[in-house]
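Chain by chain, the residues run as shown.
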Amino acid sequence: MVESILSSRYQAVNETAVEIGGHATMRTMAVELAPEPSQFRVTLFVGPQPVEGRPFTSSCIFNVKKRSWKGGIQVAVVITQNQIDTFSTDVDFSRWLALALIDLADEDRLSHQDRAHELFIQAVCWCKLDLALQSGITQENQCLADDTWIAEVRDTVIKRTNFITSYIASELDLVPRDVSAP
């Protein structure tokens, strides 16, 4: 029996391969789902990038298209470094990352760490955008300010830790492994 976490931009899944009579059978259990894919199509346009005139603040810009809209919109999601540090601590991201990168050579580990932190910011911004999509969003370009839904974003990040770490592992092409064990 082999267990691992696989992911896509839309969901993270736990898959277990079971050998039965000389062949493997995959059973899938959804761990985390993004908003209904038939209702919204969301793609990361750019980010994270520094917000001009606001030190220690970053933004990610997403293209959002609702099925019923004729055109899409752009949504900038703004987040402060203090918020990122808090969320990172909440989900013990540093520990997860150290375990996930333990087998890499030193030079690869450093580049992967930098990229993983960027991906963490993207994933947190994605969680914040999901809150906006779930609460209803108008068909106009907009910005979700850093002071919008602070407590809700924190709760969502904690609840979606598997989505966040699976997204990062997938983007970094890391081999699936169980990094949750003590």
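Up top is the structure.
Position numbers for residues count from 1 along each chain, tracking the sequence in the order it is written. Where totals are concerned, whole chains, interfaces and linings use all residues; where local detail is concerned, this predicted model gives features only for residues with pLDDT of at least 70, and gives and counts side-chain atom pairs only at 80 or more. Each side-chain value is derived from all of the structure's non-hydrogen atoms; neither hydrogens nor water enter the calculation.

Trainee: Looking at this structure, how should I read the overall build of the chain?
Mentor: Put simply, DSSP H or I for four residues or longer makes a helix, DSSP E for two residues or longer makes a strand, and each gets a number counted from the N terminus. Counting its regular elements, the chain contains five helices and seven strands. Walking the chain from its N terminus toward its C terminus, one meets helices and strands in the order β-β-β-β-β-β-α-α-α-β-α-α. Relative accessibility thresholds used throughout: buried, under 20% of the residue-type maximum; exposed, over 50%; partly exposed, between the two (1.4 Å probe, protein chains only). When burial is assessed residue by residue, the chain has 40% of its 182 residues classed as buried. Pairs of residues are marked as contacts when any of their non-hydrogen atoms sit within 4.5 Å. Taking contacts inside the chain between residues at least 6 apart in sequence as the whole, the part at least 24 apart equals 55%. Each accessible area is a Shrake-Rupley estimate made with a 1.4 Å probe; only the visible protein chains count as cover when residues are assessed. Split by element, the accessible area of the chain, about 10600 Å² in all, is 51% carbon and sulfur.

Trainee: For this particular structure, what's the right way to read the sheet that holds strand β5 (residues 54–66)?
Mentor: Hydrogen bonds along the backbone pair up the strands of a sheet, which may run parallel or antiparallel. Spatially, β4-β5-β6-β7 is the arrangement adopted by the four strands of the open sheet, whose pairing is mixed. Pairing within the sheet leaves two strands with one partner each, and these edge strands are β4 (40–51) and β7 (142–144). Strand after strand, the sheet turns through a mean of 25° between neighbouring axes, direction not considered. As paired elements, strand β6 (residues 73–80) and β7 share three bridges and run parallel to each other. Should DSSP find at least two bridges between two strands, the strands are regarded as paired. Comment: axis = line fitted to C-alpha atoms, over the contacting stretch for helices; angle = value between 0 and 180 degrees taken between N-to-C directions.

Trainee: Any chance you could explain the nonpolar core here in plain terms?
Mentor: Note that soluble globular proteins tend to have their nonpolar side chains buried in a common cluster. Grouped together as the largest cluster of nonpolar side chains are 42 residues, with contacts concentrated most on Phe62, Val64, Phe120, Leu129 and Ile168. Where this core is concerned, the elements lending two or more residues are β4, β5, β6, α1 (81–90), α2 (93–100), α3 (106–135), α4 (150–159) and α5 (161–171). Counting residues per element, this core draws most heavily on α3, at 13 residues. If near-sequence neighbours (up to four positions away) are discounted, Phe120 is found in contact with Ile84, Phe87, Ser88, Val91, Phe93, Ile164 and Ile168. The criterion is simple. A nonpolar core is a set of buried Ala, Val, Leu, Ile, Met, Phe, Trp, Tyr and Cys residues joined through side-chain atoms within 4.5 Å.

Trainee: Help me understand empty space enclosed by the protein in this model?
Mentor: As defined here, a cavity is a set of points on a 1 Å grid over the protein atoms alone where a 1.4 Å probe fits but cannot get out. A pocket is an open set with protein on both sides within 12 Å along at least five of seven lines, and residues line them when an atom is within 4 Å of a point. Grid points are joined across faces, edges and corners, and a volume is the space filled by probe spheres set on the points. Counted by the stated rule, this structure contains two cavities of 30 Å³ or more. If you add up the space inside the second largest cavity, you get close to 30 Å³. Val78, Ile79, Gln83, Phe87, Lys128, Asp146, Thr148, Ile150 and Val153 are the residues that line the second largest cavity. Of all the elements in the fold, those that place two or more residues in the lining of the second largest cavity are β6, α1 and α4. Grouping the constituent residues of the lining of the second largest cavity by class yields five nonpolar, two polar and two charged. The nonpolar class holds Ala, Val, Leu, Ile, Met, Phe, Trp, Tyr, Cys and Pro. Asp, Glu, Lys and Arg form the charged class, and all remaining residues, Gly among them, are polar.

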